[in-house]
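Structural overview
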Amino acid sequence: MINFDNSATTYPKPAAVANAARAALLHYGGNPGRGGHTLSLQAAQKVFETREKAARMFKAQTENVVFTPNCTFALNMAIKGVLPQGSHVILSDHEHNAAARPVYALSKTKGVSFSVAQTYPDPKATLESFRKLIRPDTRAIVCTAASNVTGAVMPVKALSDLAKQHHIPLIVDAAQACGVLDLTLDDGMDFLCLSGHKALYGPTGTGLLISNGSYQLDTIIEGGTGATSASLEQTPFLPEKLESGTLNTVGIIALAPGLDFVQKMTPKRIYDHEMSLCKRLEDRLRNDERITLYETDRMRSPVLAFNIRGIHSEEAARLLSRKGFAMRGGIQCAALTHKTLGTLDTGVVRFSPSLFNNFRQTDMLAGAILSLKTP
Amino acid sequence: MNTTLIPMTSITYAMKAKKLLNSRGVYCEIQRTPSGLSSGCGYSIRVKDLSLALSLLEKNNMPHKPLDR
């Protein structure tokens, strides 16, 4: 099976990630931050090393790197932690449900209202679209750095300037961007929500909520943190404030070599390689009049979304799976994006390569797609 | 030489402090904060050169709890 569904999770992982997970299970069995014995301190040291590595990579203070189970948790914590009752928030028309659903839930439970900003191939037009929606009660902007469906890249830096002008935080969903785009807190966002298991090549069950410390978040989960334990009040400082319960030690330890891998290869080289595969497939598919490609007219992360006339995207993905290719059909948990694309009924097939894919595999896939018979 | 415990706010800051102090050649070890020094679970750093350690922590904006002197 050739995996072209790396936007869901990268596979294969670098060997060092698997080795680190094994080493964690064999040698770092203590619960970090939960005792003074050597086993606990050794596990805590390894967790700290990953935290520091992530802090260096995304230009944050070590204590402002919070480990979460995934990017969805990070987004929920940031969105629900920052929006007060009855406030207003703006999000883009390319959000994943990980960002859109928490906002929608707040509209039901806390009277939060929201506006969806239209986005365009021209970043200036997208910026203007957000600007027009800002109201006196707007308390945050939420935007993906790159769409998980089409790869469309959003003008995060310009949006962070806009947010700063209005003294509101910018929450960025970088699940698909970090690792292929060179994105750090220096780009101005206040909250950077990441997935560890996608383009950072770590294990599933790892996410990161990284902040610049400008805004304090209310908690959505409270519990044991290994600190300030005599009080019923939640621990007030980061990262422990947002890390209740036992951490995913194995995943966090194994994330470190994933971060090393990305830094060694560099996001630019990874982007260039994966984008060249997207272009290759795009070139092969473009001449088939049955095929529709989506949002190839704009700056995007290395993803190609397409449909084959007469074959539903889920069916196309099923047929391609039978030919040995892992592809994602349907709506990729991104209702807003598909509403924007006009593909809520059909979905799209998503091609998302990783650094481990190559031209030969891509050519084989192109052949398989072109050979699918339209009923 | 005598050693002194500096109670830290969390394991993360204890780790951060240890790295900082060790990088400056200051002896430092992490241990659980004894019950008399803290009202809950916590971590301290044990240092030999207290004044140098405190000065480095302050210079690097590293918070710690009050010392039991």
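1. With respect to the overall build of chain B
Secondary structure summary: chain B contains two helices and three strands in total. Reading chain B from its N terminus to its C terminus gives the helix and strand order β-α-β-β-α. For chain B, buried positions account for 36% of its 69 residues. The long-range fraction of contacts in chain B, counting pairs at least 24 apart against all pairs at least 6 apart in sequence, stands at 65%.

2. Some remarks on the overall build of chain A
The secondary structure content of chain A amounts to eleven helices and twelve strands. The C-alpha atoms of chain A give 21 Å as radius of gyration, which agrees with the globular expectation for 375 residues (21 Å, within 12%). A principal-axis box enclosing the C-alpha atoms of chain A has dimensions of 70 × 55 × 30 Å. The burial tally for chain A puts 53% of its 375 residues in the buried class. In chain A, once contacts between residues fewer than 6 apart in sequence are set aside, the share between residues at least 24 apart is 70%.

3. A short note on the packing of helix α3 (residues 71-82) of chain A against helix α4 (residues 97-109) of chain A
All names here are of chain A. With their axes 9 Å apart at the nearest point, α3 and α4 run at an angle of 35° to one another. The element α3 and its partner α4 pack so that their crossing is right-handed. The segment α3 lies against α4, with Cys71, Thr72, Leu75, Asn76, Ile79 and Lys80 engaging Ala98, Ala99, Pro102, Val103 and Leu106. Its residues placed into classes, the contact of α3 with α4 shows eight nonpolar, two polar and one charged.

4. What about the interface of chain A and chain B?
Facing the 18 residues of chain A at the interface are 14 residues of chain B. Taken together, the residues of the side of chain A that touches chain B sort by class into eight nonpolar, eight polar and two charged.

5. A look at the sheet that holds strand β7 (residues 191-195) of chain A
Residues and elements named next belong to chain A. Spatial ordering of the open sheet is given by β2-β8-β7-β6-β5-β3-β4, a layout of seven strands whose pairing is mixed. Each end of this open sheet is capped by a strand with a single partner; those strands are β2 (65-68) and β4 (113-117). Ignoring which end each strand starts from, the neighbouring axes of this sheet average 20° apart. Pairing analysis gives three bridges linking strand β6 (residues 170-173) to β7, with the strands arranged parallel. Within β7, the position partnered with aspartate 173 by the bridge is cysteine 193. Across the sheet, helix α5 (residues 123-133) lies against β3 (88-92), β4 and β5 (138-144), angled at about 160° from β4, the strand it touches most.

6. Focus on the sheet that holds strand β12 (residues 349-351) of chain A
Residue and element names in this part refer to chain A. Strands sit in the order β9-β10-β12 across an open sheet of three strands; the sheet is antiparallel. Only two strands of the sheet have a single partner each, and these edge strands are β9 (291-294) and β12. Looking at each pair of strands side by side, their axes are set apart by 30° on average, direction ignored.

7. Topic: the pairing of β7(A)
All names here are of chain A. Among the five residues that make up β7, five are buried, leaving the element largely enclosed by the rest of the structure. Side chains Phe191, Cys193 and Ser195 of β7 all project onto a buried face; the interleaved residues Leu192 and Leu194 project onto the opposite face, where all are buried too. Pairing geometry for β7 and strand β8 (residues 207-211), over five bridges, is antiparallel. Each bridged residue has a counterpart across the sheet, and for cysteine 193 the counterpart in β8 is leucine 209.

8. Some words on the nonpolar core
Residues and elements named next belong to chain A. In terms of nonpolar packing, the biggest core is built from 130 residues, with Val172, Cys193 and Leu194 touching the most fellow members. A per-element tally of this core places helix α7 (residues 249-265) first, with nine residues. Each of domain 1 (2-10 + 266-370) and domain 2 (15-264) gives at least three residues to this core. Apart from residues lying up to four places away in sequence, cysteine 193 is in contact with Cys71, Ala74, Leu75, Ala78, Ile171, Val172, Asp173, Ala174 and Leu209.

Each value, and the rule that gives it
Residues numbered from 1 in each chain as written. Chains lettered and ligands numbered in written order. Predicted model: local features only at pLDDT ≥ 70, side-chain atom pairs only at ≥ 80, totals over all residues. Helix = DSSP H or I, 4+ residues; strand = E, 2+ residues; numbered from the N terminus. Buried ≥ 20, exposed ≤ 12 C-beta atoms within 10 Å, placed from the backbone. Contact = placed C-beta atoms within 7 Å. Rg over C-alpha atoms; globule rule 2.2 N^0.38 Å. Axes fitted to C-alpha atoms, helices over the stretch in contact; angles between N-to-C directions. Left-handed = near helix turned anticlockwise from the far one by under 90°. Nonpolar A, V, L, I, M, F, W, Y, C, P; charged D, E, K, R; others polar. Pairing = 2+ DSSP bridges. Core = buried A, V, L, I, M, F, W, Y, C linked by C-beta atoms within 7 Å. Domains from an automatic or database assignment.

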